[in-house]
Amino acid sequence: MKNKKMICIVLGIMCFALTLGICVQVRTVRGTNSTISQNYEENNLRAEVLKYKERYENKYEELEKAEQELEKERQNSTQNNEDLESKEQQIQQGNKVIGLAEVTGPGVIVTLSDSKSDASSALNASDLIVHDADVLSVINELKNAGAEAISINNQRLVPTSSIVCGGNIIEINGEKVGAPFEIKAIGLPEQLAALSRPGGYLEILKNATVGVELKKSNNITIPRYTGVISYEYAKSVD
Amino acid sequence: MKKLNIKKGKITMTITIGIACFVLVLVMFMQFKIVNETDITSIENMRETELRTELANWKSKYDEVNAQYEETQSKIEEYKQTKESNEETEKLVDEELETVNMNLGKTDVEGEGIEIILKETDNEEISQINADDLLVIVNALKLAGAEAISINDERIINMSDIVNINANTDDLFVRINGQRILAPYVIKAIGNQTYLESELLGNGGYVDQLRTIGHDVSIEKKDNIKILKYNDEITTKYIQ
């Protein structure tokens, strides 16, 4: 008898808890739904954006495959001619420099993160955040130290790349990336690491209490640019 | 007999409860997974105008990639067709190399764009234009879609740096691509004239800011600007 009572009570409590959980879930779902479906137009737009994003991604995959095929064809066509073979190599090397091919090599990884200290205790809360100008300066110093390829949160920097602040995120190559910023650079590690020298920009950032970390590595992979470089206004005149 | 019955009932009950619990936990995990997978933060919170720019952005990106894809396909076809002839293959390879060299900044380019001239200031209360200012302007021009940029005929390529030498002294000068650059700084950029100009002059534009503190900066739209190629050899030692 006692056992039965116990079971009943346990069951009762479980049922109650479960019902409560389900109610909460249903409520949150309904809550989000109500804000989302406020505007029919917006929903349509959202679907459209997702559709184009997917189409872009699919096309991009096809493009990558086509480019690999092109490279194979080019190699096939040029392998019997020394002169052409050297031009083929120039094309490959050139694409690596521009950012249209993945590259690996030794270098450094610099990580910049927003300060963990309390914003209310600082005189100027803005000092605790990584800004686009900070990233721009670090990139410029890396280039000065001889970096041959650079990426920020895996966004490869190409000749047309810009870095802009958009609220609490930064836009690179038109893609939004948020802190922490992981900057990869390939070059002579010892020279690139000079970035953390006294008076260097990383030191200045550290004094501004932004999180700064620099790691040397012998094997860094930097992905290719996920866009297209094309010209609408400029014409080659050589 | 009765004792056995109770025991049997207990066992069935335990099993039933166990199964029920298992199913519930399963459902819960599924729910969590679904909630995790839906990327609520980025797209669901956007407003209409934001969505419209986002849509236009993805559309143009798609068009670009599509055009590039078709070009690549046609190149593959051409290579296949010219397999037998060395001469035609050479023409194709040369064409591709030409594009690569243009991307690298190893060819002179021409087109419409703007020319910005920053003069040395006589005002001793404000600091002279230095590398930091030029860096910001170059970044703004790239944002506005500049296809080629040079400062005092030093072409800005992917590996170009713009730095102050002898910072905090009177001998400060600017170095670009390892070359010493002196004022007045003439920045040339090829691209859409309106975009380029409004990026610098618009609300909070950098040239506006410089003018406000007293610098002499001029911007001129030009229909035909020639930007010289990068003059040095582009060498790499570490990327593979």
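Residues numbered from 1 in each chain as written. Chains lettered and ligands numbered in written order. Predicted model: local features only at pLDDT ≥ 70, side-chain atom pairs only at ≥ 80, totals over all residues.

Now for the overall build of chain B. Helix and strand counts for chain B stand at 7 helices and 8 strands. Taken over the C-alpha trace, chain B has a radius of gyration of 31 Å; the compact-globule value for 240 residues is 18 Å, which it surpasses by more than 25%. Along the first, second and third principal axes, the C-alpha atoms of chain B reach 110 × 70 × 40 Å. Across the 240 residues that make up chain B, the buried fraction comes to 29%. Long-range pairs, those at least 24 residues apart, make up 74% of the contacts in chain B between residues at least 6 apart in sequence. (Helix = DSSP H or I, 4+ residues; strand = E, 2+ residues; numbered from the N terminus. Rg over C-alpha atoms; globule rule 2.2 N^0.38 Å. Buried ≥ 20, exposed ≤ 12 C-beta atoms within 10 Å, placed from the backbone. Contact = placed C-beta atoms within 7 Å.)

Another point: the interface of chain A and chain B. Many authors give the size of an interface as the accessible area that is lost as the parts come together. Contact residues are listed per partner, giving 71 residues for chain A and 69 residues for chain B. Those elements that provide at least two residues to the side of chain A that touches chain B are α1 (2–36), α2 (40–78), α3 (82–98), β1 (103–113), α4 (132–144), β4 (163–166) and β9 (235–236) of chain A. Of all the elements, α2 of chain A adds the most residues to the side of chain A that touches chain B, at 22 residues. Per-class residue counts for the side of chain A that touches chain B are 31 nonpolar, 21 polar and 19 charged. Two elements, β9 of chain A and strand β1 (residues 109–118) of chain B, share 2 bridges in a ladder whose sense is antiparallel. Bridge assignment links Lys 235 of chain A to a residue of β1 of chain B, and that residue is Glu 110 of chain B. (Nonpolar A, V, L, I, M, F, W, Y, C, P; charged D, E, K, R; others polar. Pairing = 2+ DSSP bridges.)

Attention now goes to the domain arrangement of chain B. Along its sequence, chain B is carved into domain 1 (2–36), domain 2 (50–104) and domain 3 (110–227). Once you take the C-alpha centre of each, domain 2 of chain B and domain 3 of chain B turn out to be 32 Å apart. (Domains from an automatic or database assignment.)

Looking now at the packing of helix α5 (residues 131–143) of chain B against helix α6 (residues 193–201) of chain B. Residues and elements named next belong to chain B. Between α5 and α6, whose axes approach to 9 Å, the crossing angle comes to 135 degrees. The angle between the axes of α5 and α6 places the two elements in the oblique class. Considering only the axes of α5 and α6, their crossing is right-handed. Here Ile 137, Ala 140, Leu 141 and Leu 143 of α5 lie close against α6, whose contacting residues are Leu 196, Glu 199 and Leu 200. Within the contact of α5 with α6, the residues separate by chemical class into 6 nonpolar, no polar and 1 charged. (Axes fitted to C-alpha atoms, helices over the stretch in contact; angles between N-to-C directions. Parallel < 35°, antiparallel > 145°, perpendicular 65-115°, else oblique. Left-handed = near helix turned anticlockwise from the far one by under 90°.)

The subject of this paragraph is unusual backbone geometry. All names here are of chain B. In the segment running from Ala 183 into Pro 184, the intervening peptide bond is cis, with an omega of 0 degrees. You can see Pro 184 is positioned in the loop between β6 (179–181) and β7 (185–190). In this structure, Asn 152 takes a positive phi of about 45 degrees despite not being glycine. Looking at where Asn 152 falls in the secondary structure, it is placed in the loop between β2 (148–151) and β3 (154–155).

Moving on, we come to the sheet that holds β6 of chain B. Residue and element names in this part refer to chain B. Pairing is antiparallel in the open sheet, where 3 strands are placed in the order β4-β5-β6. In this open sheet, the two strands that pair with only one neighbour each are β4 (162–165) and β6. Taken pair by pair, the neighbouring strands of this sheet meet at an average axis angle of 40 degrees, ignoring direction. Both β4 and strand β5 (residues 173–176) contribute to a ladder of 4 bridges, which runs antiparallel. Within β5, the residue paired with Ile 165 across the bridge is Phe 173. Sheet strands touched by α5: β4 and β5. Its angle to β4, the strand with the most contacts, is close to 175 degrees.

With that settled, consider the packing of α3 of chain A against helix α4 (residues 86–104) of chain B. Orientation of α3 of chain A relative to α4 of chain B, taken along the N-to-C sense of each, is 25 degrees, at an axis distance of 9 Å. Considered as vectors, α3 of chain A and α4 of chain B are oriented roughly parallel to each other. Where α3 of chain A crosses over α4 of chain B, the handedness of that crossing is left-handed. Together, Leu 84, Lys 87, Glu 88, Gln 90, Ile 91, Gly 94, Asn 95, Val 97 and Ile 98 of chain A of α3 of chain A and Thr 89, Glu 90, Val 93, Glu 96, Leu 97, Val 100, Asn 101, Asn 103 and Leu 104 of chain B of α4 of chain B make up the contact between the two elements. Grouping the constituent residues of the contact of α3 of chain A with α4 of chain B by class yields 8 nonpolar, 6 polar and 4 charged.

Turning to the environment of Gly 113 of chain B, a few remarks are in order. Looking at where Gly 113 of chain B falls in the secondary structure, it is placed in strand β1. Along the backbone, Gly 113 of chain B and Phe 22 of chain B are 91 residues apart, and their C-alpha atoms lie at a distance of 68 Å. If we ignore the near neighbours within four places in the chain, the residues touching Gly 113 of chain B are Tyr 233 of chain A together with Lys 188, Ala 189, Ile 190, Gly 191, Gln 193, Leu 196, Lys 222 and Ile 225 of chain B.

Quick look at the environment of Asn 192 of chain B now. Along the chain, the position of Asn 192 of chain B falls in the loop between β7 and α6. Given 18 C-beta atoms within 10 Å, Asn 192 of chain B falls into the partly exposed group. Along the primary structure Asn 192 of chain B and Thr 72 of chain B are separated by 120 residues, whereas in three dimensions their C-alpha atoms are 26 Å apart. Among all residues touching Asn 192 of chain B, those that are not within four sequence positions of it are Tyr 233 of chain A together with Gly 145 of chain B.

The pairing of β1 of chain A with strand β8 (residues 211–222) of chain A spans 10 bridges and is classified as antiparallel. Bridging across to β8 of chain A, Ile 109 of chain A finds its partner in Lys 215 of chain A.

Averaged over chain B, the pLDDT score is 85; the fraction of residues at 70 or greater is 91%. No element of chain B has a lower mean pLDDT than helix α2 (residues 40–44) of chain B, at 54, and none a higher one than β7 of chain B, at 95. (pLDDT = per-residue confidence, 0-100.)

With that out of the way, let us pick up α4 of chain B. For α4 of chain B, spanning 19 residues, the distance from its first C-alpha to its last is 26 Å, which sits close to the expected 27 Å at 1.5 Å a residue. Every buried residue of α4 of chain B is listed here: Thr 89, Val 93, Val 100, Met 102, Asn 103 and Leu 104 of chain B. Close packing links the buried residues of α4 of chain B with α2, α3 and β9 of chain A together with β1 of chain B. Gly 105 of chain B sits one or two residues past α4 of chain B and shows a positive phi near 95 degrees. (Expected span 1.5 Å × (residues − 1).)

Attention now moves to the confidence of the model for chain A. The pLDDT averaged across chain A works out to 81; a share of 86% of its residues lies at or above 70. Mean pLDDT per element in chain A: helix α6 (residues 201–207) of chain A is the minimum at 74, and strand β2 (residues 149–152) of chain A is the maximum at 93.

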